[in-house]
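Coordinate analysis (summary)
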Amino acid sequence: MTIPSTSITDAVVAEHGLKPDEYQVLLKIMGREPNLTELGIFSVMWSEHCSYKSSKRWLKTLPTEAPHVIQGPGENAGVIDIGEGLAAIFKIESHNHPSFIEPYQGAATGVGGILRDVFTMGARPIANLNALRFGSPDHPKTRHLISGVVGGIGGYGNCIGVPTVAGEVNFHPAYDGNILVNAMTVGLAKTDKIFYSAAAGPGNAVVYVGAKTGRDGIHGATMASKEFDEDSEEKRPTVQVGDPFTEKLLLEACLELMAKDCIVAIQDMGAAGLTSSSVEMAGKGGLGIELDLDKVPVRETGMTAYEIMLSESQERMLMIIKPGTEAEARAVFDKWDLDFAVIGVLTETGNIVLKKDGDVQAEIPLDPLVDAAPEYDRPHTPTPPSPMIETAEIPAPGSLGEALATLLSCPDMASRRWIWEQYDSLVMGDTVIGPGGDAALVRIQDTKRALAVTVDCTPRYVVADPAVGGAQAVAETWRNICATGAKPLAVTNNLNFGNPERPAIMGQIVGAVQGMGEACRALDYPVISGNVSLYNETEGKPILPTPVIGGVGLLEDVADACTIALKSDGNALVVIGQRSDTVDGWLGASIYLREIAGREAGAPPPLDLVRERKAGDLIRSLIGNGAVAACHDISDGGLLVTVAEMALASGKLGADVAVPSAETAHGWCFGEDQGRYVVETADPDSVIARSEAAGVPAARIGQVQAGDQLTGNGVALISLSELKTKHEAWLPAYMAAGA
Amino acid sequence: MRSAIIVFPGSNRDRDMQLALRQASGQEPHMVWHKDTDMPEVDLIVVPGGFSYGDYLRAGAMGALSPAMRTVKERSGKGVPVLGVCNGFQILTEAGMLPGALMRNAGLKFICKQVHLRVESAQTVFTSGYAQGQVIRVPVAHNDGNYFADPDTLKHLEDRDLIAFRYVDAEGAESEGSNPNGSQMNIAGIYNESRTVLGLMPHPEDAIDPLHGGIEGKGLFHGLAQALN
């Protein structure tokens, strides 16, 4: 065979992101020097992005099983059984590095990629979510990045017609040089119509469908596995360009073909494109694969085997089809005006063989390529504990009302309306609770059921204590789902961290994964899919550790759905998860401490996972019995913020809160103690009795009142109209100031 | 009421519309593929929302030239009522079936939110389910909904009572704040001369179920179903 000669120098190896010892393993596998195409294939398959080489050892410790789990990690997305013969298929994925370089396309293709991961398994996507982290609002690039990322997410999701129903956004200088764009998709399939990626049947045809292959995105996966430096902007050509219309065609064509009996296996071409899809499909099936690259539909002439294999052009899929089904399958793609090309065949050789221009251009044994992928137990140093900060050490505000307004209008808590009004949150007609609630709620057609979906992470907790922060991110999604009345079923995680080769960062990863695992086990809430994004550093400055959790829950009867908006004058407000003699609260690592006292310090509030579970179970039962009229979990900003948000959501009702007369009242109002909910009820005695019977403390803390006022013990704190104006004003004013 | 929905490859509110028509008429709408010129006999044709062929060119410009739209024009010429929603409205203006054009939103951004509309004329086949001047709450979700026409056309629309819906506030008053996209004269929807073609930007089909947070879009479909039965 003819292998084109290219001299593989140390520099070429290094450019491909392979370490010298990794290259030695490669040489051993190949038994000879690789050519450039082969080196490129190893490079992307062994990149952090594709191989999880730094995180795998720890990811394995996460619980991934439960009776309702149909498919855990390792496929394009995870699958859970939601009853009535239906499955929810979901995953979250990062597109951080591309979005920093080219925010619109980076974010758009992030959405496109995660949508494909879900519909490639046979699901129709029914909801998109996103978790975003931007740098300081004062950083000169922040506005541009927000505008581009939001535009890109909207541009893609709106066009393809999948509602963007929930998300979260934080700002912190630690993200100045590395923003985070994590996109999650939830899809719906029949349990007997789920498609997997493991190839089967030597001799079966390998089919390429979708958009043509161009030179865009070459080496995206390798880029995503390195730190940034000042030349990062030169990497713009590695960012892919999205075409949501083509993705819509691909979605409809794939679902139409899946309704027939043609497909053996299918996988989208995401990171590392044709390389990872062909290697993973054949590898999982224990087979070989032979591709004729001359048959790959290309956008431009003169593309080399290296370019075709490493291109990350979007909106493409690879399928293995059953013998004799080619004409039937082709007709579907013809209908949708998409390319359909038989580009190869499954073999029994165990090798991937690439032919082009009549020559073999690459031949690599698949098993070692996949199995010998490096796996590191990187040195890790635990994050030193942060001190506990007493409320007495933190000054009380001049006015509780003003402090409340300051919190609700600070960058991390101000209304995100400016963002979510740019997303079509209603298309498909199934959105019951859209952006602005706890979890979003999407009804399932032809059933009474609905899925509750949310994404959460509190990086300031994670940086102070990775284990507590990792567990809290899980618990927060649990709470948000329970607060709608739905039962939390499973999560997907997106681990965003700095450079794992630094022991302190590796220590954050290890801690966060341990905390996450502990919470998932305690709550019977397994991890069924996920993504890892490391090397989020610029010039040695890492991001805050940000292990984002996407949670999915099931509400059996959508008519029971509970929202955060206050409903009726005179109803009582009860805190679930707090004792009635409480006069203080946990202000360490809180929003109050940062925004009012100007300190980022202290240990985060601890979690009691046993009580967390009891409280969540209780909340669902109260909602299911119609015992509560509104429910909102207590998170950023604490109790008073929670009550204010409930009043703002009602648009017409205020509340009176019984603020204790103690020197620690600011702790009581703004402390972020975990595992708590505020509920509105007409029968507080019964709610409190039921809580106590369930082993969860509860306390009556106020009542709903007509009018425009939030009051503390009957004394005005602030008017809702003023609070609303301030809450809504910050983001639009900030964005307009840059125009 | 027998109905047909034109399905472009980029249509994405075709299913929402299907649901609304099914709910109102009790009959299954025919889904007509954009490449088809055949269409069964129907009482109503709907051009739904979405991004017809991606709309990378002007929104609706290519959709207006599709094979199915030739049939829509022909049937419309024979008096079959045609409803265009969002992208459908854009396509109907591009096809010359309605006057004016939908430009990029004045805020230059996609906008998805609940708006209030005032029913300007309840005397048509489309609006018989509403009272004259009724204010309804329905969502918008579009990037190019900024209605524009020359002064003569606008005057004509107003003189001939061809403005179907206007963006107003909850009390029914026209104001700048209630206009989500910069449309001239707060126009949200218009009729053709014979009031057999209605184009509107908002999505009544996403306000037909208490779970949508409102059912005020229902009047349109139920009115149609009654009038066309």
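Note: the structure precedes this text.
Rules and cut-offs
Residues numbered from 1 in each chain as written. Chains lettered and ligands numbered in written order. Predicted model: local features only at pLDDT ≥ 70, side-chain atom pairs only at ≥ 80, totals over all residues. Heavy atoms only, no water. Helix = DSSP H or I, 4+ residues; strand = E, 2+ residues; numbered from the N terminus. Rg over C-alpha atoms; globule rule 2.2 N^0.38 Å. Buried < 20%, exposed > 50% of the residue type's maximum accessible area, 1.4 Å probe, protein only. Contact = heavy atoms within 4.5 Å. Areas by Shrake-Rupley, 256 points an atom, 1.4 Å probe, with all protein chains shown as cover. Lys, Arg positive; Asp, Glu negative; His and termini not counted. Charge placed at Lys NZ, Arg CZ, Asp CG, Glu CD. Buried area = accessible area lost by both parts, 1.4 Å probe. Salt bridge = Lys/Arg side-chain N within 4 Å of Asp/Glu carboxyl O. Polar contact = N/O pair within 3.5 Å; in protein donor to acceptor, adjacent residues only side chain to side chain. Core = buried A, V, L, I, M, F, W, Y, C linked by side-chain atoms within 4.5 Å. Phe/Tyr/Trp six-rings, centres within 6.5 Å; stacked < 30°, edge-to-face > 60°. Expected span 1.5 Å × (residues − 1). Axes fitted to C-alpha atoms, helices over the stretch in contact; angles between N-to-C directions. Parallel < 35°, antiparallel > 145°, perpendicular 65-115°, else oblique. Nonpolar A, V, L, I, M, F, W, Y, C, P; charged D, E, K, R; others polar. Pairing = 2+ DSSP bridges.

Counting its secondary structure elements, chain A contains 25 helices and 28 strands. A compact globule built from 739 residues would reach a C-alpha radius of gyration of about 27 Å, and chain A, at 26 Å, matches this within 12%. Each principal axis of the C-alpha distribution contributes one length, and for chain A these read about 85 × 50 × 50 Å. Counting across all 739 residues of chain A, residues that qualify as buried make up 65%. Considering only contacts within chain A whose residues lie at least 6 apart along the sequence, 85% involve residues at least 24 apart. Carbon together with sulfur atoms contributes 51% to the accessible area of chain A, which is approximately 23,700 Å² in total. For chain A, the separation between the mean place of its 57 positive charges and that of its 94 negative charges on side chains is 2 Å.

Bring the parts together and some accessible area is lost; that lost area is often taken as the interface size. Each partner contributes to the interface: chain A provides 30 residues, whereas chain B provides 27 residues. Carbon and sulfur atoms supply 56% of the area buried between chain A and chain B, which totals about 2,300 Å² over both sides. Among the residues of chain A in contact with chain B, F245, E421 and L426 of chain A are the three that bury the most area, contributing 24% of the side total. On inspection of chain A and its partner chain B, the count reaches four salt bridges. Linking D337 of chain A and K35 of chain B is a salt bridge whose minimum nitrogen-to-oxygen distance equals 3.3 Å. Seen at the junction of chain A and chain B, the total is 14 residue pairs in polar contact (both at pLDDT 80 or more). For the side of chain A that touches chain B, the secondary structure elements donating two or more residues are α8 (142-160), α10 (244-258), α13 (326-335) and β14 (431-433) of chain A. Per-element accounting of the side of chain A that touches chain B gives the leading share, five residues, to α10 of chain A.

So, about the nonpolar core. Of all hydrophobic cores here, the largest spans 123 residues; its most connected members are M319 and F333 of chain A together with L83 and F165 of chain B. Per element, the largest residue contribution to this core is nine residues, and it comes from α10 of chain A. L441, A483, F497 and V527 of chain A belong to the second largest nonpolar core, which has 84 residues in total.

It is worth spelling out the packing of aromatic side chains at this point. What the rule picks out here adds up to eleven aromatic pairs over all chains. Relative to F670 of chain A, the ring of Y592 of chain A lies with its centre 5.2 Å away and its plane at 15 degrees, an arrangement referred to as stacked. Of the two residues, Y592 of chain A is situated in helix α20 (residues 591-595) and F670 of chain A in helix α23 (residues 665-670); the sequence distance between them amounts to 78 residues. Grouping residues by exposure puts Y592 of chain A and F670 of chain A together as buried. Their ring planes at 10 degrees and their centres at 6.1 Å tell us that F89 of chain B and Y147 of chain B sit as a pair that is stacked. Of the two residues, F89 of chain B sits in helix α3 (residues 87-94) while Y147 of chain B sits in strand β8 (residues 146-148), which places them 58 residues apart along the sequence. The pair formed by F89 of chain B and Y147 of chain B is uniform in burial state, with each residue classed as buried. Members of the aromatic cluster, joined through ring pairs, are F134, F171, W730 and Y734 of chain A.

Let's shift gears to helix α11 (residues 273-284) of chain A. The end-to-end C-alpha distance of α11 of chain A, which contains twelve residues, comes to 17 Å, matching closely the 16 Å that a straight helix rising 1.5 Å per residue would cover. Buried within α11 of chain A we find G273, L274, T275, S276, S277, S278, V279, M281, A282 and G283 of chain A.

In this section: the packing of helix α7 (residues 103-119) of chain A against α10 of chain A. Residues and elements named next belong to chain A. Direction vectors running N to C along α7 and α10 enclose 5 degrees, while the axes themselves pass 11 Å from each other. Between α7 and α10, the interaxial angle falls into the category roughly parallel. Contact residues: G112, L115, R116 and F119 in α7; E247, L250, L251, C254, L255 and M258 in α10. Here the residues of the contact of α7 with α10 are counted per class, giving seven nonpolar, one polar and two charged.

All names here are of chain A. Within the open sheet, the seven strands sit side by side as β23-β25-β22-β26-β24-β27-β28. Their pairing is mixed. Since the sheet does not close on itself, it has two edges, and those belong to β23 (630-633) and β28 (715-719), each with one partner. On average, each strand axis in the sheet is inclined to that of its neighbour by 25 degrees, with strand direction left out of account. Direction of pairing for β23 relative to strand β25 (residues 677-681): antiparallel, over a ladder of four bridges. Looking across to β25, one finds that D633 is bridged to Y677. Sheet strands in contact with helix α15 (residues 400-408) are β27 (709-712) and β28, and its direction is about 25 degrees off that of β28.

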